[in-house]
Amino acid sequence: MDSYNKLYINGDWITPAKGGTFETIDPSDESVITRVAAATAEDVDLAVKSARNAFDDGSWSGLSGKERAVYLRKIAEGIRERIDHLAALEVKDNGKPLPEAVWDIEDTAGTFDMYADLAEELDDNNSTAVALGDDRFSCEVIKEPAGVAAAIIPWNFPVLMASWKVAPALAAGCTIVLKPSEVTPLTAMELADIIDKAGVPAGVFNLVTGMGPDAGAPLSEHPLVDKIAFTGSVPTGSRIMQAAARDLKNVSLELGGKSPFIIFDDANIDEAVEWILFGIFWNKGEVCSATSRVLIQDGIYDQLMARLEEETRKITIGNGMQDGVLMGPLVNASQYEKVTAMIAQGVQEGATLLCGGQRPDGFDKGYYLQPTIFVDVPDDSTVWTEEIFGPVVCIRKFSDEAEAVQLSNDSRFGLAGAVMSKDIDRCNRVARKLRAGIIWINCSQPTFSEAPWGGYKHSGIGRELGVWGLNNYLETKQITAFNSDEPWGWYIK
């Protein structure tokens, strides 16, 4: 795309009603990348009404799953054709290293392909006969698209998070209005161009960029929206749920986490170090499921911590486009200030700063931060209980399995967790005791689009990905028929 100063509504790129734009910033050097269209309530209203009309006229919802799958595969193909451009743009907008960005774009295309397959399966598996207690009646249960979906996505995996919502919504037969984060809007705008070029009918997919109060709030509150899907912070998710409650909208929320990683003393030290590093420093720790609370059994604590500190200090920091960089800058100034403030608070509350926590030498510009390790963290410390969303890991010892499970579950969050041990029976036992929606055994963070994603407690409501993600955008309908030649008998005898 040559310009990002327009919105994609009803199959056209249009100027915002008030003509506004905002800057998007390169976190590596704090320079302005470009100016982006700033939607307001008028634009959101137009986008939602376009989606409503496109849904109601059946131009998308009336297609078979097989027909929708053709478009989904064209979108996947368009993503792969632009993979180098999209990955470089993701690095520039978000700051993540290029190999991670390439991985994200590949997963984005794969998500559209997977939902193309599931759309086709809807044609064959969308009718279920239900046995009733009265043979004069027959009952069929079918799934139908939920209607107009509003999708609001975060800045940590910009285009991948878009695919987690757009692909299943389109597969189900919904129409959609997507609102990306104002921090990282560019790859979502490229996705809109790809969808347009794939020939998806006008109004089926719409994109509004802008600030949360100006665009996100009007979208989540719009009376013509049937379904809201949100990924982001707990406070924003709570506000969206409150707004949705007024119209009793269908809502799914994927919110924060403070995920534990339990490492027993029979674990391989080198493997444990590798997975701890990946679990918290991948994507700069800006990962909702990051295993940011690490519990190490006391038998290997000293040996493991020595290796972990040594390897953490070796992590290469820099611009994500440079070869060998493993950790780029945090996404923006606001996030940098939030993370550094929480590090300072952790020190004040009695946690020991083992390493990191500072701007690395030689980086006067950009939102760079050293990977950070806290040890001896009090269980009531803010850094132990609250999501930091940055490259900060908090570590404590434990003595036995019961203590590890208790410490892990003592959290208002319940998105993910991990356990490492050579004793697979113990791993499976602990996995079932952890109160979280995603549990990894002998690893941390691998994510597959075929498996459900979501959490317990304050980590959200509902599940994304796989058939569970598709079901987010489907309604269940019962169709019951009276098949007897005899009258029912209540009035006519």
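Residues numbered from 1 in each chain as written. Predicted model: local features only at pLDDT ≥ 70, side-chain atom pairs only at ≥ 80, totals over all residues. Heavy atoms only, no water.

Draft legend 1. Here's a closer look at the overall build of the protein chain. A count of helices and strands for the protein chain gives 15 helices and 22 strands. A compact globule built from 493 residues would reach a C-alpha radius of gyration of about 23 Å, and the protein chain, at 24 Å, matches this within 12%. Viewed in the frame of its principal axes, the protein chain has a C-alpha envelope of about 85 × 55 × 40 Å. The burial tally for the protein chain puts 55% of its 493 residues in the buried class. On the protein chain, roughly 20,000 Å² of surface is accessible, and the fraction owed to carbon and sulfur atoms is 50%. Computed over 44 positive and 72 negative side-chain charges, the inter-centroid distance for the protein chain is 3 Å. (Helix = DSSP H or I, 4+ residues; strand = E, 2+ residues; numbered from the N terminus. Rg over C-alpha atoms; globule rule 2.2 N^0.38 Å. Buried < 20%, exposed > 50% of the residue type's maximum accessible area, 1.4 Å probe, protein only. Areas by Shrake-Rupley, 256 points an atom, 1.4 Å probe, with all protein chains shown as cover. Lys, Arg positive; Asp, Glu negative; His and termini not counted. Charge placed at Lys NZ, Arg CZ, Asp CG, Glu CD.)

Draft legend 2. Looking closely at the environment of Arg35. Along the polypeptide, Arg35 turns up in strand β4 (residues 31-37). For Arg35, a relative accessible area of 39% translates into the label partly exposed. Sequence spacing of Arg35 and Thr21 is 14 residues, and the spatial spacing of their C-alpha atoms is 5.9 Å. Setting aside its immediate chain neighbours within four residues, Arg35 contacts Tyr4, Asn5, Thr21, Phe22 and Glu23. Of the polar contacts made by the side chain of Arg35, one reaches the side chain of Thr21; its length is 2.8 Å. A polar side-chain atom of Arg35 sits 3.4 Å from a polar atom in the side chain of Glu23. (Contact = heavy atoms within 4.5 Å. Polar contact = N/O pair within 3.5 Å; in protein donor to acceptor, adjacent residues only side chain to side chain.)

Draft legend 3. Broad picture of the packing of aromatic side chains. Tallying each qualifying case throughout the model produces 18 aromatic pairs. Ring plane angle 55° and centroid distance 5.1 Å describe the contact between Tyr8 and Trp13, whose orientation is recorded as tilted. Among the residues examined, Tyr8 registers a relative accessible area of 2% and is labelled buried. By relative accessible area, which is 25% here, Trp13 ends up partly exposed. On the numbers, 5.7 Å between centres and 80° between planes, the contact of Phe137 with Trp488 is edge-to-face. (Phe/Tyr/Trp six-rings, centres within 6.5 Å; stacked < 30°, edge-to-face > 60°.)

Draft legend 4. Seen up close, a nonpolar patch on the surface. The grouping of Phe482, Trp488, Trp490, Tyr491 and Ile492 at the surface amounts to a nonpolar patch, some 730 Å² of accessible area in total. Note that Trp490 resides in the segment after β22 (474-482). Of the residues examined, Trp490 reaches a relative accessible area of 71% and is grouped as exposed. (Patch = residues over 30% accessible without salt bridge, like charges linked within 9 Å, V, L, I, M, F, W, Y side chains within 5 Å. Salt bridge = Lys/Arg side-chain N within 4 Å of Asp/Glu carboxyl O.)

Draft legend 5. Just the pattern of salt bridges, in detail. Considering all chains together, one arrives at 29 salt bridges under this definition. For Arg35, the salt bridge goes to Glu23, with nearest N and O atoms at 3.4 Å. With Arg35 in strand β4 and Glu23 in strand β3 (residues 21-26), this pair connects stretches of sequence that are 12 residues apart. Judged by its relative accessible area of 42%, Glu23 is partly exposed. The salt bridge involving Asp193 is made with Arg82; its shortest N-O contact spans 2.6 Å. With Asp193 in helix α6 (residues 186-197) and Arg82 in the loop between α2 (65-81) and α3 (83-94), this pair connects stretches of sequence that are 111 residues apart. Arg82 shares its class with Asp193; the two are buried. It is possible to trace a salt-bridge network through shared partners that takes in Asp270, Arg307, Glu310, Glu311 and Lys314.

Draft legend 6. Local environment of the nonpolar core. By size, the foremost hydrophobic cluster in this structure holds 105 residues, and its most contacted members are Ile75, Ile263 and Ile395. Excluding residues within four positions of it along the chain, Ile263 makes contact with Ala272, Ile276, Val294, Leu295, Ile296, Gln297, Ile300, Leu304, Phe398 and Met420. (Core = buried A, V, L, I, M, F, W, Y, C linked by side-chain atoms within 4.5 Å.)

Draft legend 7. Local environment of the environment of Ile79. In this structure, Ile79 sits in helix α2. Each C-alpha atom, one on Ile79 and one on Leu465, is 19 Å from the other, the two residues being 386 residues apart in sequence. Discounting chain neighbours no more than four positions away, the residues touching Ile79 are Leu86, Ile105, Thr108, Ala109, Phe112, Leu191 and Ile194.

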